[in-house]
Every structure is written in C-alpha cells, then in structure tokens.
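Coordinates in review
Letter by letter, the chains look like this.
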Amino acid sequence: MKNIVFVCTGNTCRSSMAEALFNDAVRRKEKSEEIRAESCGLAAIPGQPAAENAVLAMREIGIDLARHRSKPGTRKMLCNADRIVVMTEEHKAALSTALPACKEKISVMNISDPYGQSLEVYKACRDNMIPYIEKILREETD
C-alpha cells in the first residue's frame, strides 16, 4: 500500500485538512486498498485537536475532522512514506536538511497557514488544496 504524508508546522490546520481531503478522495475513488494518507507537523505538540475553523471548514463539505489529534513527524514515518507533501518551501528545506535521503520524495503545495484566522480563510485554504490533492491522487493511482 502506498503511503502519502502531509506535513505542515503544527498539524492542526493544513496537513490535517489535506490528509482528510486525500483520504476522502481515495475512498470515493474506491482506492482505499491501494493508498492512504497521514499527516504530521514539524513543530506539532502531540494530541492537539484540529483548529476549530479547520473542523468547521471540513464539516461544510461532509468531512469529519473532529477526531484528529496532532502528531510530530518522526524519521520512521517520513522515511517510510512513498511521498511527502509539505505546505511551503520552508517545510521542504527543513525536511531536506533533516532527512537528505528523503529529499526526492518531497513535493510542495504552497498553501499559506490559516492559523488563527477567520473561517473564510480556512475555507479558502481547503479549496486551494483540492486541485493539489486531485493531482497527487491521479499521479499515485493512474
């Protein structure tokens, strides 16, 4: 089974939303036996819930993020991934330095951090991720 890891800073906004969007798309395409996603943060505090506006933005499109709990990325998790998708070039630089053997597996979504902003900003963040999610899913399953 292929494993995609979405990475941001705290794993309470962007990467958790990307994981949920990706796994929902996988489920709808009936590819759950072939591929799955998980998420983590480079500076995540373990066990934090998803940001309230992230939960609300995802609920609006029928995806439940309420049970999500943040987790820091581990060397094992990231090295075992088939693909690592980060939110910014800064995340890519940090991971490339920390895990040079994984550098070739890293791609960037270029999604700004909505942390602490309005629900509308979270919805825009979600909507900006969708084309990236669809592209990644096509690349990994076609």
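Everything discussed here concerns the structure shown above.
The rules we used
Just so you know, the residues in each chain are numbered from 1, in the order the chain's sequence is written. Reporting of local features is limited, given that this is a predicted model, to residues whose pLDDT is at least 70; pairs of side-chain atoms are given and counted only at 80 or more, and all residues count toward the totals for whole chains, interfaces and linings. Water and hydrogen atoms play no part in the side-chain values, which are based on all heavy atoms of the structure. Only runs of H or I of at least four residues qualify as helices and only runs of E of at least two qualify as strands under DSSP, and these elements are numbered from the N terminus. Based on C-alpha atoms, the radius of gyration is set beside the globule rule, defined as 2.2 Å times the residue count to the power 0.38. Using a 1.4 Å probe on the protein chains alone, a residue whose accessible area is under 20% of its type maximum counts as buried, one over 50% counts as exposed, and one in between counts as partly exposed. The criterion used for residue contact is that any of the two residues' heavy atoms lie within 4.5 Å. Under the convention used here, Asp and Glu are negative, Lys and Arg are positive, and both His and the chain ends fall outside the count. Charge positions come from single atoms, namely NZ of Lys, CZ of Arg, CG of Asp or CD of Glu. Salt bridges, as used here, are contacts in which a Lys or Arg side-chain nitrogen is within 4 Å of a carboxyl oxygen on Asp or Glu. Here, nonpolar core refers to any group of buried Ala, Val, Leu, Ile, Met, Phe, Trp, Tyr and Cys residues whose side-chain atoms link them within 4.5 Å.

**Things to note about the overall build of the protein**
- When helices and strands are counted, the protein shows five helices and four strands.
- Helices (α) and strands (β) of the protein occur, in sequence order from the N terminus, as β-α-β-α-α-β-α-β-α.
- Expected size for 142 residues packed as a compact globule is a radius of gyration near 14 Å; at 14 Å, the protein falls within 12% of this value.
- In terms of overall dimensions, the protein has C-alpha extents of about 40 × 35 × 25 Å along its principal axes.
- When the 142 residues of the protein are sorted by exposure, 49% land in the buried category.
- Taking the contacts inside the protein whose residues are at least 6 apart along the sequence as the reference set, 70% of them involve residues at least 24 apart.
- Both charge centroids of the protein, one from 21 positive and one from 20 negative side chains, sit 3 Å from each other.

**Here's the deal with the pattern of salt bridges**
- Taken as a whole, this structure holds 14 salt bridges when the rule is applied.
- Between arginine 28 and aspartate 24 there is a salt bridge; the shortest N-O distance is 2.9 Å. Pair noted here: arginine 28 and aspartate 24 are both in helix α1 (residues 14-28), with a separation of four residues, about one helical turn.
- For arginine 28, a relative accessible area of 55% puts it in the exposed group.

**So, helix α2 (residues 52-59)**
- Within α2, the full set of buried residues consists of Asn53, Ala54, Val55, Ala57 and Met58.
- The inward-facing, buried residues of α2 abut α1 and α5 (119-141).

**Comments concerning the nonpolar core**
- Among the nonpolar cores identified, the biggest contains 31 residues, and Phe6, Phe22, Leu65, Met87, Met109, Met129 and Ile133 are the most heavily contacted of them.
- Sorting the residues of this core by element identifies β1 (2-8), α1, β2 (35-41), α2 and α5 as the ones contributing at least two each.
- Setting aside residues no more than four positions away along its own chain, isoleucine 133 makes contact with Phe6, Ala18, Leu21, Phe22, Ala25 and Met109.
- One finds Val7, Met77, Leu99 and Cys102 within the second-largest nonpolar core, a separate group that totals 13 residues.

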